[in-house]
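# Overview (structure and organization)
What follows is each chain in one-letter form.
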Amino acid sequence: MIDMAFFITAFTTLFVVIDPFGTAPIFVALTQDMDAATRRRVALRTCLTASGILIAFAAFGEAVLGFVGISMEAFKVAGGALLFLTALDMLFERRTKRREDRVEEEEHPDPSVFPLAIPLVAGPGSIATIILLAGEHPGIQGIAAASAVMLAVMAVVLLFFLSGGLIARFLGKTGLNVLTRLLGMLLAALSVQFILDGLKAFGFAS
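Residues numbered from 1 in each chain as written. Predicted model: local features only at pLDDT ≥ 70, side-chain atom pairs only at ≥ 80, totals over all residues. Heavy atoms only, no water.

Next up on the list: the overall build of the chain. Within the chain, the secondary structure is distributed over nine helices and zero strands. Helices and strands in the chain line up, N terminus first, as α-α-α-α-α-α-α-α-α. Against the compact-globule benchmark of 17 Å for 206 residues, the chain has a radius of gyration of 17 Å, which places it among compact chains. Reported as C-alpha extents along the three principal axes, the dimensions of the chain are approximately 55 × 30 × 30 Å. (Helix = DSSP H or I, 4+ residues; strand = E, 2+ residues; numbered from the N terminus. Rg over C-alpha atoms; globule rule 2.2 N^0.38 Å.)

Structure (structure tokens):
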């Protein structure tokens, strides 16, 4: 049986990586000229697309790694390093700046697939994370557990998208910046734990 600690850690990690607080204002910016019904359809389409992508990687990501000769332990170290870089971006606002640049430089009549689903929600960080989480428990049990956690996070993302305008007004720019930095610190600690777990399997850490 998978214990509750796994679900709590998995949910926290995915929540921090996907970062609904930071993504919701971008959703608002990309859909500001749409009516409420269209905005809801875009939000739902974004979450469904991102969920499908992440479930596919949860199911087949480790098999693909095995096919190219990469162990799960090595991927933990690499994935942890990638998540740490994401945490640094959040701490120093580089992630927010890149997202804002995408909004300014690109205009899409339907942004649900790109850039919302890919890469803002189902980006490199979340893909690496769900492969790592599915690999924590081999077989269908690990895939189901990781997918269930991801769907729970995606439900929160959908809720944030649907109420994105209210959240952005409530927190304000300063509030969003503070929250992003706090989430970045948490993600940095979680990413170091992934790296330590991978190194422990190779005998480099105890």
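Let us keep going from here.
What follows covers the packing of aromatic side chains. This structure, assessed with the given rule, holds five aromatic pairs. Consider the rings of F6 and F7, whose centres lie 5.6 Å apart with planes at 80°: the pair is edge-to-face. Among the residues examined, F7 registers a relative accessible area of 28% and is labelled partly exposed. Arranged with centres 6.0 Å apart and planes meeting at 20°, the rings of F11 and F15 form a pair that is stacked. Remark: F15 and F11 occur in helix α1 (residues 4-18); sequence separation between them is four residues, near one turn of the helix. (Phe/Tyr/Trp six-rings, centres within 6.5 Å; stacked < 30°, edge-to-face > 60°. Buried < 20%, exposed > 50% of the residue type's maximum accessible area, 1.4 Å probe, protein only.)

Right, let's get into a nonpolar patch on the surface. Residues F67, V68 and I70 make up a contiguous nonpolar surface patch of roughly 350 Å² in combined accessible area. Mapping I70 onto the fold places it in the loop between α3 (36-67) and α4 (72-91). (Patch = residues over 30% accessible without salt bridge, like charges linked within 9 Å, V, L, I, M, F, W, Y side chains within 5 Å. Areas by Shrake-Rupley, 256 points an atom, 1.4 Å probe, with all protein chains shown as cover. Salt bridge = Lys/Arg side-chain N within 4 Å of Asp/Glu carboxyl O.)

Purely spatial values, then, with no claim about function.
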